[in-house]
Amino acid sequence: MNSKHLERALELARANAHITPPNPSVGCVLTRHDVVIGEGATQATGSAHAEIMALRDAQARGNDVRGATAYVTLEPCAHQGRTGPCCDALVQAGVARVVVSTGDPNPLVAGQGIARLRTAGVAVDVLPTDHPLALASRELNIGFFSRMLRGKPWLRMKIAASLDGQTALENGQSQWITSAPARADGHAWRARAGAILTGIGTVLEDKPRLDVRLFDTPRQPPLVVVDSRLETPLNAPLFIAGRPVLIYAAVADAAKQAALEQQGATVVLLPGAGPKVDLVAMAQDLFNRGIHEVHVEAGHKLNGSLVREGLIDEFLVYLAPKMLGAGRGMLNIGPLSELTQGLDLNFASVERIGPDLRVLARVQGRDDFLH
């Protein structure tokens, strides 16, 4: 096995992660005598998977794939979904060997793809689960693995703040605390999400579009709004042609609901205490709708509520090299009486993005399913 081919397959998968949801993003490299003869990555939902794209690429190059080795970042699928089984396509093409980074947790696959390849006489190698490339392949599709193995979507909270933790001045001014490179990077994270989630406070105060503008993508993730009393204005900039908008409410109002639905929104009534939206039920509903990864961009009140309900799995925090003093914090979860009541995190990564720091911090134990 030549790990550089799996590294290349992972690179291809990463490049397409913004177009594949709700499917996982997968890369495939075909080789003969250790020379690349074709490569591909999963396309948008309903289009070809990575293995099919690699086979097509090899054909376009005039290369014969019989006897070739396929390096794939996720077990080839074995079921008929929007596309046919990739394991069968590899067999029919005459591929002799398949090297897989990691198994597919989908119960419709879960080892069946590998079994069918072996039954057909194809040699299959699977990396150990602790291999760095196996872990990287699962990390890339963390929402998919979360939904399949935990039965819930992966919720990531994005925050832009000053070094002293302020996300806005006391008067609400927040544009812009972080730099243009950090904002562009944040849009790249938006692009890969299954849905972007915000609250009515942000909708009313900031009048955001919450779309992907600073990253080139043909796909705009659906928008989710937590709006207990259905206060979303009918002329809100968030209503973008063709983009699904899902509004969760706690108070029934037939007239407002009808007006919002006329704008193209889907309204779901999930009353909790307060009356507030039942956020746990909302997360379950997003799971039921096939959403794997949720990107949260909200204010400190909704941020705090999501954390208190135990729904946030990781934090994507951009820290600007400036101090703002009194202002609005990242999230409202206090006051706590003991340090032990704080939320314990693990730093997954810390990187410079332009002049700012990007911190990816994960709630301790939340990613155990990846290992």
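Data block above holds the structure.
Rules and cut-offs
- Residues numbered from 1 in each chain as written.
- Predicted model: local features only at pLDDT ≥ 70, side-chain atom pairs only at ≥ 80, totals over all residues.
- Heavy atoms only, no water.
- Helix = DSSP H or I, 4+ residues; strand = E, 2+ residues; numbered from the N terminus.
- Rg over C-alpha atoms; globule rule 2.2 N^0.38 Å.
- Buried < 20%, exposed > 50% of the residue type's maximum accessible area, 1.4 Å probe, protein only.
- Contact = heavy atoms within 4.5 Å.
- Areas by Shrake-Rupley, 256 points an atom, 1.4 Å probe, with all protein chains shown as cover.
- Disulfide = S-S within 2.5 Å.
- Pairing = 2+ DSSP bridges.
- Phe/Tyr/Trp six-rings, centres within 6.5 Å; stacked < 30°, edge-to-face > 60°.
- Salt bridge = Lys/Arg side-chain N within 4 Å of Asp/Glu carboxyl O.
- Axes fitted to C-alpha atoms, helices over the stretch in contact; angles between N-to-C directions.
- Parallel < 35°, antiparallel > 145°, perpendicular 65-115°, else oblique.
- Left-handed = near helix turned anticlockwise from the far one by under 90°.
- Core = buried A, V, L, I, M, F, W, Y, C linked by side-chain atoms within 4.5 Å.

Asker: Looking at this structure, how should I read the overall build of the chain?
Answerer: A count of helices and strands for the chain gives 11 helices and 16 strands. The C-alpha radius of gyration of the chain comes to 22 Å, within 12% of the 21 Å expected for a compact globule of 371 residues. The principal-axis extent of the C-alpha atoms belonging to the chain is close to 65 × 45 × 35 Å. Relative to its 371 residues, the chain shows a buried fraction of 51%. The contacts in the chain between residues at least 6 apart in sequence include a share of 70% that link residues at least 24 apart. Of the roughly 16500 Å² of accessible surface on the chain, a fraction of 52% belongs to carbon and sulfur atoms.

Asker: I'm lost on the state of the cysteines in this one. Help?
Answerer: In a disulfide, the sulfur atoms of two cysteines are held together by a covalent bond. On inspection of all chains with the given rule, the structure shows zero disulfides. For Cys28, which is in no disulfide, the shortest distance to another cysteine sulfur is to Cys86 and amounts to 8.7 Å. The closest cysteine sulfur to the non-disulfide-bonded Cys86 is located on Cys77, 3.6 Å from its own sulfur.

Asker: Is there a simple way to explain the pairing of strand S3 (residues 69-72) in this structure?
Answerer: Consecutive side chains of a regular strand alternate in pointing toward one face of the sheet and then the other. Across the two faces of S3 the burial is the same, with Thr69 and Tyr71 and Ala70 and Val72 all buried. Pairing of strand S1 (residues 27-32) with S3, which is carried by four bridges, proceeds in the antiparallel orientation. The partner of Thr31 across the bridge, within S3, is Thr69. Relative to strand S4 (residues 97-100), S3 runs parallel, the two sharing four bridges. Looking across to S4, one finds that Ala70 is bridged to Val98.

Asker: In this structure, what is going on with the packing of aromatic side chains? I would like to understand it.
Answerer: Centre distance and the angle of the planes are the two values used to describe a pair of aromatic rings. On inspection of all chains with the given rule, the structure shows two aromatic pairs. Relative to Phe145, the ring of Phe144 has its centre 5.9 Å away and its plane inclined at 90°; by these criteria the two rings are edge-to-face. Judged by relative accessible area, which is 3%, Phe145 ranks as buried. Relative to Phe369, the ring of Trp154 has its centre 5.8 Å away and its plane inclined at 65°; by these criteria the two rings are edge-to-face. In this pair, Trp154 is assigned in strand S6 (residues 154-162) and Phe369 in the segment after strand S16 (356-363), connecting sequence segments 215 residues apart.

Asker: Which parts of the structure should I look at to understand the environment of Val126?
Answerer: By the secondary structure assignment, Val126 is in strand S5 (residues 123-126). Relative accessible area serves as the criterion here: at 37%, Val126 is assigned to the partly exposed category. With 25 residues separating them along the chain, Val126 and Ser101 place their C-alpha atoms 6.0 Å apart. With sequence-adjacent residues up to four places away left out, Val126 is seen in contact with Val100 and Ile114.

Asker: In this structure, what is going on with the pattern of salt bridges? I would like to understand it.
Answerer: Side chains that differ in sign of charge can pair as their charged atoms come close. All told, the structure shown has 21 salt bridges when counted by the stated rule. The partner of Arg358 in a salt bridge is Asp185, with the nearest N and O atoms 2.9 Å apart. Of this pair, Arg358 sits in strand S16 while Asp185 sits in helix H7 (residues 180-192); the two residues are 173 residues apart in sequence, bridging distant segments of the chain. Under the relative-accessibility criterion, Asp185 is labelled buried at 17%.

Asker: Help me out: how do you make sense of the pairing of S4 in this one?
Answerer: Relative to S5, S4 runs parallel, the two sharing four bridges. In the strand pairing of S5, Val100 is matched with Val126.

Asker: Help me out: how do you make sense of the packing of helix H2 (residues 50-60) against helix H3 (residues 86-93) in this one?
Answerer: Where H2 contacts H3, the axes come no closer than 9 Å and their chain directions differ by 25°. Relative to H3, the element H2 lies roughly parallel. Where H2 crosses over H3, the two elements pack in a sense that is left-handed. Across the interface between the two elements, Glu51, Ile52 and Leu55 of H2 pack against Cys86, Ala89, Leu90 and Ala93 of H3.

Asker: I would appreciate a short explanation of the nonpolar core in the present structure.
Answerer: Where a protein is soluble and globular, its nonpolar side chains tend to be buried together. Within the largest apolar cluster, 33 residues are counted, with the highest numbers of intra-cluster contacts made by Leu197, Tyr248, Met282, Leu286 and Leu306. Sequence-distant contacts of Leu286, that is, excluding residues within four places in its chain, are made with Leu197, Val224, Leu246, Tyr248, Ile291 and Val294. Residues Cys28, Ala58, Ile142 and Phe369 belong to the second largest nonpolar core, which totals 30 residues.

Asker: How do you make sense of the sheet that holds S16 when you look at a structure like this?
Answerer: Picture the strands of a sheet paired through backbone hydrogen bonds; they go either parallel or antiparallel. Taken together, the nine strands give an open sheet; going across it, the order is S11-S10-S9-S8-S12-S6-S13-S16-S15, and neighbouring strands pair in mixed fashion. Two strands lie at the open edges of the sheet, namely strand S11 (265-269) and strand S15 (345-353), each paired on one side alone. Strand-to-strand twist in this sheet, taken as the mean axis angle between neighbours without regard to direction, amounts to 20°. Across the sheet, helix H9 (residues 254-262) lies against strand S10 (245-249) and S11, angled at about 150° from S11, the strand it touches most. Contacts from helix H10 (residues 279-288) reach strand S8 (195-199), strand S9 (223-226), S10, S11 and strand S12 (293-296) within the one sheet, and its direction differs from that of S10 by about 150°.

Asker: Any chance you could explain the sheet that holds S3 here in plain terms?
Answerer: Spatial strand order, S2-S1-S3-S4-S5: five strands in an open sheet with mixed pairing. The open sheet terminates on both sides in strands that have one partner only, identified here as strand S2 (35-41) and S5. Looking at each pair of strands side by side, their axes are set apart by 15° on average, direction ignored.

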